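Each chain is listed here by its residues.
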Amino acid sequence: MAQSRPPGSSSGRPRFGRRRSLELAAAALLAVLLALDQALPPPLPRPDGASVVLARDGTPLRTYPSGDGIWRQPVGPERVSPLYLQALLNYEDRWFYWHFGVNPLALLRAGWQWASNGRVVSGGSTLTMQVARIIDPPPPGGRGLAVKLRQMARAVQLELRLSKAEILTLYLHHAPMGGIVEGVEMASRSYLGKSSEHLSHAEAALLAALPQAPSRLRPDRAPQAAQAARDKVLARLAEFGVWSAAEIEDARIETVAAQPIRGHWLSPLAAERVRRQARAAGRPATALTTTIDIELQASVERMLLDRVNSLPPKVSMAALVMHNDTLEVLAYAGSADFADRSRAAHVDMVRGVRSPGSTLKPFLYALALDDGLVHGESLMVDAPQSFGGYQPGNFQASFSGPVSLSQALQRSLNVPAVDLLDRLGPPRFAAMLRAGGLKLRLPAGASPNLSLILGGAGTTLEELVGAYRALARGGVSGQPRLTAAEPRLEARLMSEGAAFIVRDILEAGGHPDRPFAEGVQRVAWKTGTSFGFRDAWAIGVTDHHTVGVWVGRPDGTPNPGFFGANVAAPLLRDIVAAVPTPPQALARRRPASVSSATTCWPLGLKLEATDPAHCGVRHTGWVLDNTAPPTLPDRSRSDGLLATRGACGGAGERHAVARWPAALEPWLRDAVPQAPGCETQAGSGTRLRIAGLEPGARLKPAPRLPHVDLSLSVVGGEPADATVYWLVDGRQQRRARADRPVTLRLADNGPHAITVLDGLGRYHRVDVVVSGLPERQAP
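Calculation rules
Residues numbered from 1 in each chain as written. Predicted model: local features only at pLDDT ≥ 70, side-chain atom pairs only at ≥ 80, totals over all residues. Heavy atoms only, no water. Helix = DSSP H or I, 4+ residues; strand = E, 2+ residues; numbered from the N terminus. Buried < 20%, exposed > 50% of the residue type's maximum accessible area, 1.4 Å probe, protein only. Contact = heavy atoms within 4.5 Å. Arc of directions from axis to C-beta. Pairing = 2+ DSSP bridges. Axes fitted to C-alpha atoms, helices over the stretch in contact; angles between N-to-C directions. Parallel < 35°, antiparallel > 145°, perpendicular 65-115°, else oblique. Nonpolar A, V, L, I, M, F, W, Y, C, P; charged D, E, K, R; others polar. Disulfide = S-S within 2.5 Å. Core = buried A, V, L, I, M, F, W, Y, C linked by side-chain atoms within 4.5 Å. Expected span 1.5 Å × (residues − 1). Polar contact = N/O pair within 3.5 Å; in protein donor to acceptor, adjacent residues only side chain to side chain.

Peer 1: Please set out the overall build of the chain residue by residue, giving values where relevant.
Peer 2: If you tally the helices and strands in the chain, you get 20 helices and 24 strands. A buried classification covers 51% of the 779 residues belonging to the chain. In the chain, of all internal contacts separated by at least 6 residues, the share reaching a separation of at least 24 is 66%.

Next comes the structure, spelled out in structure tokens:
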């Protein structure tokens, strides 16, 4: 028979029920907390527009503030000085890696100190709670218990979602440092002018102290207050034995001195370009790293600033330096002075489309070499010629007569270049350049023509630098890269042999028999000037780098007297000298396809393949594939050949003589040795010729002008200082030296006769027709 329980004894069920109720209540509370956590998550920072573009070493090139005007530069704990992390954690939160966002012991200590002293001695906030306050700031003036509890709740939420490293990174990015500066890296750059990776003990303590009262402790405005706060941090670190007494003492001696906060921009146009490209690609980032070398960039910008005051108003400059192996851009100056709006400083002339002047000539000669049309010492004709009515002249307004290909390229003569382009074809030349990454821009509806080689199409400094790189890398061009993430784009522009020959011509004249200097910085360079002095260029190639310079007005206005050789070339020389190079130059290897040969003018063939009677002049130069092509056919002969003839000789002696191009006749008497009893020129003596005017030309005036002006020169005037007389319709209009160009004016419609006459009675006449002039009123 079961015994009944004594009165007052309790059953186990009620006790179990109470425990069960507590568990359910705890579960319900946890569920409520989790629901609140999900409903009210911490507002983790999102991209707000603040970004910074960096040089290759992490130095800021240009900072972009957030929507509320704050400057930040992201940095991770691994890129910050260990001294700063030691100062920060030991001063703010020694138990950061051990608590769950809230340190109960620190809160109890803070409460006891407040109760004992009647004021706040220490706040008890952890580093996580400070991050919570940064990302979820209290309302203005909020400092009560409710605010503290909110920070504690947010801190726990952060600890549940983020690792300790991520929480620390948030602090490093967003800690207030005074004014518009947030984050340790931006503060270090702004106040100290250095990266936070290289802080001294005193600097680390200073930056650790600033967030305590960022406005009051700004070192650029209140250095004494900032120093007192720094010393307080040092005292705490000494108390904890974090740093030695000697280190603390040395840090105390260091005076706080900070530079004013201002934007120190370098290569701002390159930075803007990188930022826009990242946004366009859907990859906006708070930090974008470029390939810019900060020291070289600063040097290049100083060179431009040193020259800017000597330039006329509104004239700007641009410069680009590229590494030949990596294609990385090491210096990028899109304008002369980014702060000078009068010079269109915000227009990036590294990418501006402009007329390249003569800078395309090396690529034309390379194409002619690869086609087997010429060799390094081919006879070229620099004399007045007409190409379907197109009559190019030279920059110096004179002609040189017979020149070698290397001389024509080195001296940038126009007629030989136009002659070659006419034979190769402008469309083919433009296609070759496009395939190599250099795109020529033509007016709408226009097609490539002979003016291409003299700047009759547009291109950019960036594309020219990429194309010239081919001269130093076996004929392969490359597209300059501003970031390491950009693809490496290369293209074959010319053969390795043609690249070697053209580079050697631009570097030293293309003479294989010259002494070769080892260990010397060698530069192959070319200048260019566009029509009307609108653009002055200089491009240089060394073993390791390609450098480009442009000078002009971004709006395209002419700058008389400004040309590549006197404006752009000196700047190019200084930049090349400033570019760091390895102590030893690269060993120059001559391609197997290139060899040295002696050739004979006028036929242009190798010495051993030429009859001695036909070898008027010998030249030693480079040939490609062991082949010396003959001199280009003579345009003035119906058969186009440079044949030989035997109609000369002295008594009892006859000689076969090679025929020279007829256009060279005025130069041959003094410039070319003659065989005994023979004339080496095509005609019977030197004669005058008018250059710059085609017989039968039909002329019209420029808009709104009541006359036609003709710019003419004479070829064959001997000596150069002899006087020649210019006649229009039989009446003398001008008298000038034979080597000086003149301007003649035609004021009536109808036929006109232009005549040049010298003191020896020699003359040349050209008949033209003028139309389109306003009719004169009868008196």
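Let us keep going from here.
Peer 1: How would you explain helix H16 (residues 426-435) if you had to name every residue and give the values?
Peer 2: Buried residues of H16: Pro 426, Phe 429, Ala 430, Met 432 and Leu 433, and no others. For H16, the angular spread of the buried residues around the axis is 155 degrees, confining them to a single face. H16 presents Pro 427 and Ala 435 as exposed residues on the side facing more than 90 degrees away from its buried surface. Against helix H13 (361-370) and helix H15 (414-424) lie the buried residues of H16. Downstream of H16 by a residue or two, Gly 437 has a phi angle that is positive, lying close to 95 degrees.

Peer 1: An account of the sheet that holds strand S11 (residues 535-541) is requested, with residue identities and associated values reported.
Peer 2: Spatial ordering of the open sheet is given by S5-S4-S12-S11-S10, a layout of five strands whose pairing is antiparallel. Lying at the two open borders of the sheet, with one neighbouring strand each, are strand S5 (329-333) and strand S10 (524-529). The average undirected angle you get between the axes of adjacent strands in this sheet is 10 degrees. Of the strand pairs in this sheet, S10 and S11 are connected by six bridges, and their pairing is antiparallel. Looking at S11, one finds that Thr 527 is bridged to Ala 538. Running at roughly 25 degrees to S5, helix H12 (residues 294-308) makes contact with strand S4 (316-323) and S5 of the sheet.

Peer 1: For the packing of helix H9 (residues 223-240) against helix H10 (residues 245-253), give the residues involved together with the corresponding values.
Peer 2: Between H9 and H10, the shortest axis-to-axis distance is 10 Å and the interhelical angle comes to 180 degrees. By the criterion of interaxial angle, the relationship of H9 to H10 is roughly antiparallel. On H10, the residues touching Gln 227, Arg 230, Asp 231, Leu 234, Ala 235, Leu 237 and Ala 238 of H9 are Ile 248, Ala 251 and Arg 252. Taken together, the residues of the contact of H9 with H10 sort by class into six nonpolar, one polar and three charged.

Peer 1: Outline the state of the cysteines, supporting the account with residue identities and numerical values.
Peer 2: Enumeration according to the criterion identifies one disulfide in this entry. Between the sulfur atoms of Cys 600 and its disulfide mate Cys 615 the distance is 2.0 Å. Here the S-S torsion is close to -80 degrees, and the disulfide linking Cys 600 with Cys 615 is therefore left-handed. With a gap of 15 residues between them, Cys 600 in strand S13 (residues 594-602) and Cys 615 in strand S14 (residues 615-624) connect regions that are remote in the sequence. Assigned by exposure class, Cys 600 and Cys 615 land together as buried.

Peer 1: How would you summarise the nonpolar core if you had to cite specific residues and measurements?
Peer 2: Counting 86 residues, the largest nonpolar core has Phe 363 and Phe 429 as the members making the most contacts within it. What Phe 429 contacts, discounting residues up to four positions off in sequence, is Leu 360, Phe 363, Leu 364, Leu 367, Leu 421 and Ile 453. Val 75, Tyr 84, Tyr 91 and Leu 168 belong to the second-largest nonpolar core, a separate cluster that totals 49 residues.

Peer 1: Provide a residue-level description of the sheet that holds strand S18 (residues 698-699), including the pertinent values.
Peer 2: Taken in spatial order, the five strands of this open sheet run S18-S24-S23-S20-S21, and their pairing is mixed. Both edges of this open sheet fall to S18 and strand S21 (731-737), since each of them pairs with a single strand only. In this structure, strand S20 (residues 723-728) lies alongside strand S23 (residues 750-758), joined through five bridges in antiparallel fashion. Paired with Val 724 across the bridge in S23 is Asp 758.

Peer 1: Which residues make up helix H18 (residues 496-508), and what are the values?
Peer 2: Between its first and last C-alpha, H18 extends 18 Å over 13 residues, near the 18 Å set by a 1.5 Å rise per residue. Across the 13 residues of H18, 11 count as buried, placing the element largely inside the fold. Where H18 is concerned, the buried positions are Gly 497, Ala 498, Ala 499, Phe 500, Ile 501, Val 502, Arg 503, Asp 504, Ile 505, Leu 506 and Glu 507. Buried residues along H18 sit in contact with H13, helix H14 (405-410), S10, S13 and S14. The first or second residue beyond H18 is Gly 509, which carries a positive phi of 95 degrees.

Peer 1: Tell me about unusual backbone geometry, and please be specific about residues and values.
Peer 2: Geometrically, the link from Trp 601 to Pro 602 is a cis peptide bond, its omega value of 10 degrees lying close to zero. Phi at Lys 314 is positive, roughly 70 degrees, even though this residue is not glycine. Inspection of the secondary structure puts Lys 314 in the loop between H12 and S4. Judged by its relative accessible area of 44%, Lys 314 is partly exposed. Backbone geometry places Ser 412, a non-glycine residue, at a positive phi of 55 degrees. Examined against the element boundaries, Ser 412 turns out to sit in the loop between H14 and H15.

Peer 1: Outline the environment of Gln 130, supporting the account with residue identities and numerical values.
Peer 2: Among the structural elements, Gln 130 can be located in helix H4 (residues 127-135). The buried category is assigned to Gln 130, whose relative accessible area is 17%. Separated by 25 residues in sequence, Gln 130 and Ala 155 place their C-alpha atoms 8.3 Å apart. Excluding its chain neighbours within four sequence positions, the residues that come into contact with Gln 130 are Glu 92, Ser 125 and Tyr 171.

Peer 1: Quick one: what's the story with the environment of Thr 290, residue by residue and with numbers?
Peer 2: Mapping Thr 290 onto the fold places it in the loop between strand S3 (287-289) and H12. Residue Thr 290 is classed as buried on the basis of its relative accessible area of 5%. As for Thr 290 and Glu 328, which are separated by 38 residues in sequence, their C-alpha atoms are 8.9 Å apart. In contact with Thr 290, other than residues within four places in its own chain, are Val 53, Leu 54, Ala 55, Arg 56, Leu 61, Val 274, Leu 482 and Thr 483. Engagement of the side chain of Thr 290 in a polar contact is seen with the backbone oxygen of Leu 54, the distance being 2.8 Å.

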